Amino acid sequence: MTDTLPDRLSVNPNNPHYDAAVLEKNVGVRFNGVEKTNVDEYCVSEGWVRVSVGKSVNRKGEAMTVKLNGVVEPYFREG
């Protein structure tokens, strides 16, 4: 495994873009220059993130999300 992040990544194990090996390395996401801690999924090439909306859940028990468009910068956190 190299130290490059994928173009698209999700924290939901049911999502095809989920990668536990990458998530173990403590991934952080800056969105429009601001660090976000509630990102469920991101796509760098398309320029969007999905963020959790409060504690709301859908019929399947998964967190409700909203899709935001902008500049996405994933990185590995130190520590």
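Scroll up a little and you will see the structure.
Residues numbered from 1 in each chain as written. Predicted model: local features only at pLDDT ≥ 70, side-chain atom pairs only at ≥ 80, totals over all residues. Heavy atoms only, no water.

## Some words on a nonpolar patch on the surface
Residues Val-53, Met-64 and Val-66 make up a contiguous nonpolar surface patch of about 210 Å² in total accessible area. Looking at the secondary structure, you find Met-64 in strand 6 (residues 63-69). On the basis of relative accessible area, Met-64 is assigned to the partly exposed category, the value being 38%. (Patch = residues over 30% accessible without salt bridge, like charges linked within 9 Å, V, L, I, M, F, W, Y side chains within 5 Å. Areas by Shrake-Rupley, 256 points an atom, 1.4 Å probe, with all protein chains shown as cover. Salt bridge = Lys/Arg side-chain N within 4 Å of Asp/Glu carboxyl O. Helix = DSSP H or I, 4+ residues; strand = E, 2+ residues; numbered from the N terminus. Buried < 20%, exposed > 50% of the residue type's maximum accessible area, 1.4 Å probe, protein only.)

## Thoughts on the sheet that holds strand 4 (residues 39-43)
Read across the open sheet, the four strands follow the order 1-4-5-6; overall the sheet is antiparallel. At either margin of the open sheet sits one strand with a lone partner, and together these are strand 1 (8-10) and strand 6. Shown here is a sheet whose adjacent strand axes are inclined to one another by a mean of 20°, direction ignored. Relative to strand 6, strand 5 (residues 48-57) is paired through six bridges, and the arrangement is antiparallel. Bridging from a neighbouring strand, Val-49 pairs with Leu-68 of strand 6. (Pairing = 2+ DSSP bridges. Axes fitted to C-alpha atoms, helices over the stretch in contact; angles between N-to-C directions.)

## As for the nonpolar core
Ranked by size, the top nonpolar core spans ten residues in total: Leu-9, Val-22, Val-27, Val-29, Phe-31, Val-39, Tyr-42, Val-49, Val-51 and Val-72. Where this core is concerned, the elements lending two or more residues are strand 2 (27-31), strand 4 and strand 5. Ranked by residue count, the leading element in this core is strand 2, at three residues. If sequence neighbours within four positions are ignored, Val-29 has contacts with Val-34, Glu-35, Lys-36, Val-39, Tyr-42, Val-49, Val-72, Glu-73, Pro-74 and Tyr-75. (Core = buried A, V, L, I, M, F, W, Y, C linked by side-chain atoms within 4.5 Å. Contact = heavy atoms within 4.5 Å.)

## Description of the pairing of strand 2
Counting buried residues in strand 2 gives four out of five residues, a clear majority hidden from the surface. Strand direction decides the pairing type here: strand 2 and strand 7 (residues 72-76), joined by five bridges, are antiparallel. Looking at strand 7, one finds that Val-27 is bridged to Phe-76. Here strand 2 folds back onto strand 3 (residues 34-36), and the loop between the two strands holds two residues, one of which, Asn-32, carries a positive phi near 55°.

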